[in-house]
Amino acid sequence: MENNIQIAIDLIVNSNNAIAFTGAGISVESGIPPFRGETGLWSKYDPNVLDLNNFHLNPIEAWKVIKEIFYDFFGEAKPNAAHFALAEMERQGLLKAVITQNIDNLHYEAGSNEVYEFHGNSRMLVCPYCSNKIKASEAVLTDIPLCDKCHAVLKPDFIFFGEGIPELAYRNSVEAAQKTDLVIIIGSTGEVTPASSIPQIAKQKGAKIIEINPEKTLFTDSVTDIFLQGKATEIMSQLLIGIKQKI
Ligand code: NAD
């Protein structure tokens, strides 16, 4: 493992276009559980709440749960050492972008600038009818949020089941994957498509893949070159110390 950490540090320091690809696991130590698994959000809540048809049919019921999970609960979370380490690597010119499946805004809060939110984000609300967007402020969320232009019920600006990937984030992510020489995957099972194709695109173009996760994933035996088994905060902190010693 120690040897793999050293190899990963060298790969990062010698890379030219490194990117990170993050999933729900990077935010677990910020107190946000993943969706799946024994302690996942879907063990407590009905995933139907993110079904678009259900949302349109029962917006008031759906908003009660959405507000509880994605605003009251997620809103308390703060970035952790892994989010901060990625932001620091970007400042040092060692990371071109973070492609995240997360909708929790924690990469931006940690100071990362180049963040492609593959599944959208929870800090904005969007009108499904006229596409008007407004900030998900506390004031708006005290009641069922309505569009100030057409008065339709607003939905969070992250994708619900069956919705397409936001166009710009998709384009930026694919382009970054095609150009990169190194991907650091953190906390993703690789079970969600098309997001999981991003590391695969990079691999096909010849990039090296470092993966950080306490458990093996669909990536581990398919695209991963260096598997660093452990929690995101612990491994990223070790990598950052090693990087600082080398630059
Ligand atoms: P996932 O829920 O499928 O898997 C989470 C992964 O994180 C697992 O492989 C798990 O082993 C790993 N993990 C757990 N603790 C970890 C830690 N401390 N450090 C590193 N890894 C850890 O996640 P996914 O692949 O991102 O897909 C789930 C979907 O759910 C995504 O679409 C994502 O948008 C969404 N989601 C987002 C959030 C969020 O915004 N924080 C939270 C839950 C789900």
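Residues numbered from 1 in each chain as written. Predicted model: local features only at pLDDT ≥ 70, side-chain atom pairs only at ≥ 80, totals over all residues. Heavy atoms only, no water.

K.L.:
Before we move on, can you summarise the overall build of the chain with the specific residues and values?
P.N.:
Helix and strand content of the chain: 8 helices and 9 strands. Its C-alpha atoms give the chain principal-axis dimensions of roughly 55 × 35 × 30 Å. In the chain, the share of contacts with a sequence separation of at least 24, taken over all contacts with a separation of at least 6, comes to 66%. About 12000 Å² of surface is accessible on the chain, with carbon and sulfur atoms providing 50% of the total. (Helix = DSSP H or I, 4+ residues; strand = E, 2+ residues; numbered from the N terminus. Contact = heavy atoms within 4.5 Å. Areas by Shrake-Rupley, 256 points an atom, 1.4 Å probe, with all protein chains shown as cover.)

K.L.:
Talk me through the packing of helix α6 (residues 167–179) against helix α7 (residues 197–204); I want residue IDs and the actual numbers.
P.N.:
At a minimum axis distance of 7 Å, the contact between α6 and α7 shows a crossing angle of 30°. Taken together, the axes of α6 and α7 are roughly parallel relative to one another. In terms of crossing hand, the pair formed by α6 and α7 is right-handed. Here Ser-173, Val-174, Ala-177 and Gln-178 of α6 come into contact with α7, specifically with Ile-198, Ile-201 and Ala-202. Within the contact of α6 with α7, the residues separate by chemical class into 5 nonpolar, 2 polar and no charged. (Axes fitted to C-alpha atoms, helices over the stretch in contact; angles between N-to-C directions. Parallel < 35°, antiparallel > 145°, perpendicular 65-115°, else oblique. Left-handed = near helix turned anticlockwise from the far one by under 90°. Nonpolar A, V, L, I, M, F, W, Y, C, P; charged D, E, K, R; others polar.)

K.L.:
Give me the lowdown on helix α1 (residues 2–13), citing residues and values where you can.
P.N.:
Compared with an ideal rise of 1.5 Å per residue, which puts 12 residues at 16 Å, α1 spans 17 Å between its outermost C-alpha atoms and is within 8% of the ideal. Considered for burial, the residues of α1 that qualify are Ile-5, Ala-8, Ile-9 and Ile-12. Looking straight down α1, one finds that the buried residues subtend no more than 100° of arc, so they occupy a single side. (Expected span 1.5 Å × (residues − 1). Buried < 20%, exposed > 50% of the residue type's maximum accessible area, 1.4 Å probe, protein only. Arc of directions from axis to C-beta.)

K.L.:
So, the site of the ligand: which residues are in play, and what are the values?
P.N.:
As a structural note, the neighbourhood of the ligand is formed by 27 residues, with Ala-24, Gln-101, Asp-104, Thr-189 and Asn-213 the closest of them. With respect to the ligand, the backbone of Ala-24 contributes an N or O atom lying 2.7 Å from an oxygen atom. Take His-119: an N or O atom from its side chain is 2.9 Å from an oxygen atom of the ligand. Considered class by class, the residues forming the shell around the ligand number 11 nonpolar, 11 polar and 5 charged. No fewer than three residues from each of domain 1 (1–32 + 79–119 + 165–247) and domain 2 (35–76 + 120–158) sit in the shell around the ligand. (Near = heavy atom within 4 Å. Polar contact = N/O pair within 3.5 Å; in protein donor to acceptor, adjacent residues only side chain to side chain. Domains from an automatic or database assignment.)

K.L.:
Kindly report on the sheet that holds strand β5 (residues 133–135), identifying the contributing residues and their values.
P.N.:
One key point about sheets: their strands pair by backbone hydrogen bonds, in either a parallel or an antiparallel sense. Taken in spatial order, the 3 strands make up an open sheet running β5-β4-β6, and their pairing is antiparallel. With one partner strand each, in any of the chains shown, β5 and β6 (155–158) form the two edges of the open sheet. Between one strand and the next, the sheet's axes are offset by a mean angle of 55°, whatever the strand orientation. Bridge count for strand β4 (residues 120–126) against β6 is 3 bridges, and the pairing is antiparallel. For Gly-120, the partnering residue across the bridge sits in β6 and is Phe-158. (Pairing = 2+ DSSP bridges.)

K.L.:
So, the domain arrangement of the chain: which residues are in play, and what are the values?
P.N.:
For the chain, the assigned domains read domain 1 (1–32 + 79–119 + 165–247) and domain 2 (35–76 + 120–158). Computed over C-alpha atoms, the centres of domain 1 and domain 2 are 27 Å apart. Counting residues at the interface gives 14 residues for domain 1 and 10 residues for domain 2. For domain 1, the biggest contributors to the area lost against domain 2 are Ile-32, Ile-103 and Glu-117; these three give 53% of the whole. Applying the counting rule to domain 1 against domain 2 returns 1 salt bridge. Salt-bridge contacts for Glu-117 lead to Arg-123; the nearest nitrogen and oxygen are separated by 2.9 Å. (Buried area = accessible area lost by both parts, 1.4 Å probe. Salt bridge = Lys/Arg side-chain N within 4 Å of Asp/Glu carboxyl O.)

K.L.:
Residue-level account of unusual backbone geometry, with values.
P.N.:
A cis amide bond links Thr-193 with the next residue in sequence, Pro-194, at an omega value of 0°. Counting through the fold element by element, Pro-194 comes out in the loop between β7 (182–186) and α7. The phi dihedral of Asn-105 falls on the positive side, at around 70°, and the residue is not glycine. One non-glycine residue, Ser-131, lies in positive phi territory at about 65°. Tracing the backbone shows Ser-131 in the loop between β4 and β5. Residue Ser-131 is classed as exposed on the basis of its relative accessible area, which comes to 52%.

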